Amino acid sequence: MFSAIARVFRTPDLRRKIAFTLGIIAIYRLGAHVPTPFVDFPNVQQCLDQSGGTEGLLSLVNLFSGGALLQLSIFALGVMPYITATIIVQLLRVVIPHFETLYKEGQAGQAKLTQYTRYLTIALALLQSTTLVTVARSGQLFGSAGVPECQQLLTNDIWWAQLLMIITMTAGTGLVMWFAELVTERGVGNGMSILIFTSIAATFPGAMLSILNARGVEVFLLVLAVSIVIVALVVFVEQSQRRIPVQYAKRMVGRRTYGGTNTYIPIKVNMAGVVPVIFASSLLYIPALIAQFNQPQPGQEPAAWVTWISQYLTRGDHPLYMLIYFLLIIGFAYFYVAITFNPVDVADNMKKYGGFIPGIRAGRPTAEYLDYVLTRITLPGSIYLGLIALLPLVALATVGANQNFPFGGASILIIVGVGLETVKQIDAQLQQRHYEGLLR
């Protein structure tokens, strides 16, 4: 393994790409600690120490920003607007036929969809930065209404100061998007995924240190051992796939013979990735958000439905919250797989090029067979997603960790997925220059 790593750094082109990627990562992490203008940084740090983070969707956004959101830095929004814009554009392919046509046009259509995604990212960044500044100005960012420091997060709340903060955060999102494209073009590839990887990995030391300080060395070592097992299991499931054999008949084009080959369609156990976890977290945060804006005046009793939501749908360690979260992930997993994988299109493409599944007729029977296999394999994949997503909530109830517990939920799925993909890309680039790659 060490000789393979040495070959990577002895290859000038790969060495430059890795150095460029590490430089972009360093700038990105530096920007995550640079406060936005008119932010009272000492008060923000004091509130962070007292609250230990937050819950709900804000916790997920803070995780994807590497902790920059709650610090109100220039990169506070991180990559979340781009992720949301990408998911929205994918969903719009089902609703808007023009988007589906662009998707099928190849590289030119993909470039147009990427341009739409950029525009939507800036629009979402503008909306989210406005919301973030408004929440910070109201003193509800940390949910610590009784702490005076958390009520004074801004040094100046005049309208032009807030406008400057919104413009700064929106520009920071555009800069992060540009960083990701630079890593994709000049670095090792998968720029946005690597920045997400960096943001989440940056929270690991702090989360583990908080467990060590709160529960002692024994619990820390136990969590570390369980985490190694979890990572191994996630790697195993993420690499698991059902391979459906496909044969192509021979055909003559001019004087040449094409086809006659055997291949397969790889259907992953977890085709939906981390998207169902994001969808479920976002949907569960809506009732808590509605209840937050319907709090009673001082001295008045809250409404019954506000009390019920506050008791059952805001605490991550409540069994009802866990059950609803688990069922939502399973439902969204089926929903997202049905959108991203179309058995009819796959069957038509196979039929067009003379391909068929042994024992299955081409055309509609092939589409029905693929849909049958996809439905069955999505069930264990969705259950696996639900169990992994519940790990931070279980840790919240047992170990006393917060919802940013690193070895579970969206964090471990992204860390493992991006890590495996990056290693594969480096291995492929190394094999172009040497007989041996990074992996054996």
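Given the structure is predicted, the values throughout are model-derived calculations rather than measurements.

**Regarding the layout of surface pockets**
Part 1 of the reasoning: Empty space within the largest pocket amounts to approximately 1800 Å³.
Part 2 of the reasoning: In terms of lining residues, the largest pocket is bounded by 46 residues, among which T86, Q90, N190, S193 and Y336 are the most central.
Part 3 of the reasoning: Its residues assigned to classes, the lining of the largest pocket shows 23 nonpolar, 15 polar and eight charged.

**Observations regarding the packing of helix α5 (residues 80-95) against helix α6 (residues 97-104)**
Part 1 of the reasoning: For the pair α5 and α6, interaxial distance at closest approach is 6 Å and the crossing angle is 110°. Between α5 and α6, the angle is such that the two are roughly perpendicular. Residues V89, L92, R93 and V95 of α5 touch α6, and the partners they reach there are P97, F99, E100 and Y103.

**Considering the nonpolar core**
Part 1 of the reasoning: Membership of the largest hydrophobic core comes to 73 residues, with the highest contact counts inside it found for F64, V79, V277, Y325 and L413.
Part 2 of the reasoning: Two domains each provide a minimum of three residues to this core, namely domain 1 (15-187) and domain 2 (203-439).
Part 3 of the reasoning: What F64 contacts, discounting residues up to four positions off in sequence, is Y28, V79, M80, I83, I196, S199, I200, I278, A410 and I414.
Part 4 of the reasoning: Of all hydrophobic cores here, the second largest spans 21 residues; its members include C47, L48, A136 and I166.

**Some details on the sheet that holds strand β1 (residues 241-248)**
Sheets are built from strands that pair by backbone hydrogen bonding, the pairs being arranged parallel or antiparallel.
Part 1 of the reasoning: Taking strand neighbours across the sheet as the criterion, the three strands line up as β4-β1-β5 in an open arrangement whose pairing is antiparallel. Of all the strands in the sheet, just β4 (262-268) and β5 (355-356) have a single pairing partner and so form its edges.
Part 2 of the reasoning: Of the strand pairs in this sheet, β1 and β5 are connected by two bridges, and their pairing is antiparallel. Paired with Y248 across the strands is G355, a residue of β5.

**Brief notes about the side chain of N270**
Part 1 of the reasoning: Mapping N270 onto the fold places it in the loop between β4 and α12 (275-292).
Part 2 of the reasoning: Note on N270: relative accessible area 4%, which makes it buried.
Part 3 of the reasoning: Separated by 2.9 Å, the side chains of N270 and E238 make a polar contact.
Part 4 of the reasoning: In contact with N270, other than residues within four places in its own chain, are E238, Y384 and L385.

What counts as what
Residues numbered from 1 in each chain as written. Predicted model: local features only at pLDDT ≥ 70, side-chain atom pairs only at ≥ 80, totals over all residues. Heavy atoms only, no water. 1 Å grid on protein atoms, 1.4 Å probe; cavity = no way out; pocket = protein on both sides within 12 Å on 5 of 7 lines; lining within 4 Å. Points joined across faces, edges and corners; volume = space filled by probe spheres on them. Nonpolar A, V, L, I, M, F, W, Y, C, P; charged D, E, K, R; others polar. Axes fitted to C-alpha atoms, helices over the stretch in contact; angles between N-to-C directions. Helix = DSSP H or I, 4+ residues; strand = E, 2+ residues; numbered from the N terminus. Parallel < 35°, antiparallel > 145°, perpendicular 65-115°, else oblique. Contact = heavy atoms within 4.5 Å. Core = buried A, V, L, I, M, F, W, Y, C linked by side-chain atoms within 4.5 Å. Buried < 20%, exposed > 50% of the residue type's maximum accessible area, 1.4 Å probe, protein only. Domains from an automatic or database assignment. Pairing = 2+ DSSP bridges. Polar contact = N/O pair within 3.5 Å; in protein donor to acceptor, adjacent residues only side chain to side chain.

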